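Notes for the structure review
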Amino acid sequence: MLLAERAPADADILVLGAGGGPELKAFTEMQPGWRLYGVDASAEMLDLARWLRHFFHIP
C-alpha cells in the first residue's frame, strides 16, 4: 500500500469520505502507531463508525 510506504509510523492520517470506517479499522490493524481521523458528510455513517470503534475496542 502506497500510504504505508510513505507515511511514518507515527503519522496523523486524515481519511476523507470515511463512511462506516472499514479503512480506519484496516489502517489501525496495519499501523497501530498512526493517529487516524475520519471525515464523512453522512451523520449515519459517522454514527456507524463510532459504534464500530466501540465494538472493536479501537482507541
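Look up a bit, the structure's there.
I will try to describe carefully the structure that is included in this document.

Parameters and conventions
Residues numbered from 1 in each chain as written. Predicted model: local features only at pLDDT ≥ 70, side-chain atom pairs only at ≥ 80, totals over all residues. Heavy atoms only, no water. Pairing = 2+ DSSP bridges. Helix = DSSP H or I, 4+ residues; strand = E, 2+ residues; numbered from the N terminus. Right-handed = clockwise from strand over helix to strand, strands pointing away. Core = buried A, V, L, I, M, F, W, Y, C linked by side-chain atoms within 4.5 Å. Buried < 20%, exposed > 50% of the residue type's maximum accessible area, 1.4 Å probe, protein only. Contact = heavy atoms within 4.5 Å. Expected span 1.5 Å × (residues − 1). Patch = residues over 30% accessible without salt bridge, like charges linked within 9 Å, V, L, I, M, F, W, Y side chains within 5 Å. Areas by Shrake-Rupley, 256 points an atom, 1.4 Å probe, with all protein chains shown as cover. Salt bridge = Lys/Arg side-chain N within 4 Å of Asp/Glu carboxyl O. Phe/Tyr/Trp six-rings, centres within 6.5 Å; stacked < 30°, edge-to-face > 60°.

Quick word on the pairing of strand E2 (residues 35–39)
Sheet topology places strand E1 (residues 12–16) next to E2; five bridges connect them, and they run parallel. Opposite Leu14, over in E2, you have Tyr37 as the bridge partner. Each parallel crossover has a hand, and the one from E1 via helix H2 (residues 22–30) to E2 is right-handed.

Points about the nonpolar core
Across soluble globular proteins, you tend to see nonpolar side chains buried next to one another. The biggest cluster of nonpolar side chains holds eight residues, and these are Ala7, Ala11, Ile13, Val15, Ala18, Leu24, Phe27 and Trp34. Elements with a minimum of two residues in this core: E1 and H2. Those residues in contact with Trp34 that lie beyond four places of it in its chain are Leu3, Ala4, Ala7, Pro8, Ala9, Asp10, Ala11, Ile13 and Phe27.

Section: helix H3 (residues 43–55)
Over its 13 residues, H3 runs 18 Å from end to end, which matches the ideal 18 Å to within 8%, given 1.5 Å per residue. The positive-phi residue at the C-terminal boundary of H3 is His57, with phi of around 60°.

What to know about a nonpolar patch on the surface
Among the surface-exposed residues, Met45, Leu48, Trp51, Phe55 and Phe56 lie close enough to one another that they form a single nonpolar patch of about 490 Å² accessible area. You can see Met45 is positioned in helix H3. Among the residues examined, Met45 registers a relative accessible area of 32% and is labelled partly exposed.

Some remarks on the packing of aromatic side chains
The final tally for this structure, using the stated rule, is two aromatic pairs. Ring geometry for Phe27 against Trp34: centres 5.9 Å apart, planes inclined by 70°, an arrangement best described as edge-to-face. A single burial state applies to Phe27 and to Trp34, both of which are buried. Seen from their ring centres, Trp51 and Phe55 are 5.0 Å apart, and the 15° between their planes marks the pair as stacked. Highlighted residues: Trp51 and Phe55, both in helix H3, separated by four residues, approximately one helical turn.

Function-wise, these values are silent; they only describe arrangement.
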